[in-house]
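Chain residues, written in single-letter form:
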Amino acid sequence: MAEIVEAPSPGERASLNAAAPAPLRIMLDVIDRLGRLDGWIGGGCLLTLTALMLAEVTTRALSNVLPFFPPTISIAWEYSSYLMAASFTFGAAMTLRVGGHIRVVLLLKNVPAPLQRALEVLAAAAGFAFMAFLTSAMTKFAWSSFVRGQVSTSSDTPLWFPQAVVTFGMLLLTLQFLARAIQAALGLPLEDHRMKASPVE
């Protein structure tokens, strides 16, 4: 009797980490999914920031015509700074996975393939160490604000909340650097161009 072999699911077939050992493949795939989430959150922050700025401009314009209309949205500038900081951190992990960060590859293009991989591992490990330090420092900073009950002066917003959001974005970038180091060490594809908005020629 012939043995029935179960076909891989579409998600498994599409995974660029399929050649990795099972536990590592699961971890790398989870980090890739978090990277996609990171990009969506960053896009959402940018859209919210745009909407807030448009609302502020509209409010100011209407106040020139309608005297009873408030001249400004009191939280607009404060929250736009929070959203801008979140936009800078969110999206960074996804950008790393698609190869969107600016890199100087002159050395990489002029060395043998094994040395290229070694340099990629070292660069990713250095990025991981640096981001791990920043994430740790930002976590302590947010925790300190939470313990002290610090709030903003203009809206009484607890400062730990926007700080925690930025910290989460940093954590996702830290994990993506870790994944890149492992992928480089295992000879896996380092960039997933399918995450880009337009296909690569």
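Criteria and thresholds
- Residues numbered from 1 in each chain as written.
- Predicted model: local features only at pLDDT ≥ 70, side-chain atom pairs only at ≥ 80, totals over all residues.
- Heavy atoms only, no water.
- Helix = DSSP H or I, 4+ residues; strand = E, 2+ residues; numbered from the N terminus.
- Expected span 1.5 Å × (residues − 1).
- Buried < 20%, exposed > 50% of the residue type's maximum accessible area, 1.4 Å probe, protein only.
- Contact = heavy atoms within 4.5 Å.
- Axes fitted to C-alpha atoms, helices over the stretch in contact; angles between N-to-C directions.
- Parallel < 35°, antiparallel > 145°, perpendicular 65-115°, else oblique.
- Left-handed = near helix turned anticlockwise from the far one by under 90°.
- Nonpolar A, V, L, I, M, F, W, Y, C, P; charged D, E, K, R; others polar.
- 1 Å grid on protein atoms, 1.4 Å probe; cavity = no way out; pocket = protein on both sides within 12 Å on 5 of 7 lines; lining within 4 Å.
- Points joined across faces, edges and corners; volume = space filled by probe spheres on them.
- UniProt positions renumbered as here; feature names shortened; annotations may be inferred.
- Polar contact = N/O pair within 3.5 Å; in protein donor to acceptor, adjacent residues only side chain to side chain.
- pLDDT = per-residue confidence, 0-100.
- Phe/Tyr/Trp six-rings, centres within 6.5 Å; stacked < 30°, edge-to-face > 60°.

This brings us to helix 5 (residues 113–148). The end-to-end C-alpha distance of helix 5 is 52 Å, a good match for the 52 Å that 36 residues give at a rise of 1.5 Å each. What helix 5 keeps buried is the set Glu120, Ala124, Gly127, Met131, Thr135, Met138, Ala142 and Ser145. Elements that come into contact with the buried residues of helix 5 comprise helix 6 (160–186). Two residues or fewer past helix 5, glycine 149 is found with a positive phi of approximately 65°.

This paragraph deals with the packing of helix 2 (residues 22–65) against helix 6. Here helix 2 crosses helix 6 at 140°, and the two axes come no closer than 9 Å. For the element pair helix 2 / helix 6, the angle class is oblique. Considering the relative orientation of helix 2 and helix 6, their crossing is left-handed. Contact with helix 2, carried on its side by Leu24, Met27, Leu28, Ile31, Asp32, Leu34, Gly35, Asp38 and Ile41, involves Phe168, Gly169, Leu172, Leu175, Gln176, Ala179, Ile182, Gln183 and Leu186 of helix 6 and no other residues of that element. Each residue belonging to the contact of helix 2 with helix 6 can be placed in one class, and the counts come to 12 nonpolar, four polar and two charged.

There is about 250 Å³ of room inside the largest pocket. Arg103, Glu120, Ala123, Ala124 and Arg180 are the residues nearest the centre of the largest pocket, which is lined by 15 residues in total. When residues of the lining of the largest pocket are traced back to their parent elements, those giving at least two are helix 5 and helix 6. Its residues placed into classes, the lining of the largest pocket shows 10 nonpolar, two polar and three charged.

Cross-referencing UniProt, the feature "transmembrane region" (unreviewed entry) maps to residues 40–62, 82–106, 118–139 and 159–179 in the present numbering. Spanning residues 82–106, this segment combines 56% helix with 0% strand, and its end C-alpha atoms are found 37 Å apart. In this annotation, residues 159–179 is assigned 95% helix and 0% strand; the end-to-end C-alpha distance for the span is 31 Å.

Quick look at the environment of serine 80 now. Here serine 80 shows up in helix 3 (residues 76–89). On the basis of relative accessibility, which here comes to 8%, the residue serine 80 falls in the buried class. With 76 residues separating them along the chain, serine 80 and aspartate 156 place their C-alpha atoms 15 Å apart. Residues within four places of serine 80 in sequence aside, it is in contact with Leu49, Leu52, Met53 and Ile75. Side-chain polar atoms of serine 80 contact the backbone oxygen of tryptophan 77, separated by 2.7 Å.

We now examine the confidence of the model for the chain. Counting all residues, the mean pLDDT for the chain is 85, and 90% of those residues have values of 70 or more. Here helix 1 (residues 10–14) stands out as the least confident element of the chain, with mean pLDDT 50; helix 6 is the most confident, with 94. Across residues 1–13, confidence stays below pLDDT 50; counting only partners more than four residues off in sequence or on other chains, it has two contacts.

Let us look at the packing of aromatic side chains. The full count for this structure, using the stated rule, is five aromatic pairs. Geometrically, the ring pair formed by tyrosine 79 and tyrosine 82 is edge-to-face, given 5.4 Å between the ring centres and 70° between the ring planes. With tyrosine 79 and tyrosine 82 both in helix 3, this residue pair falls three residues apart, about one helical turn. Put simply, the rings of Trp143, Phe146, Trp160 and Phe161 touch in pairs and so form one group of aromatic residues.

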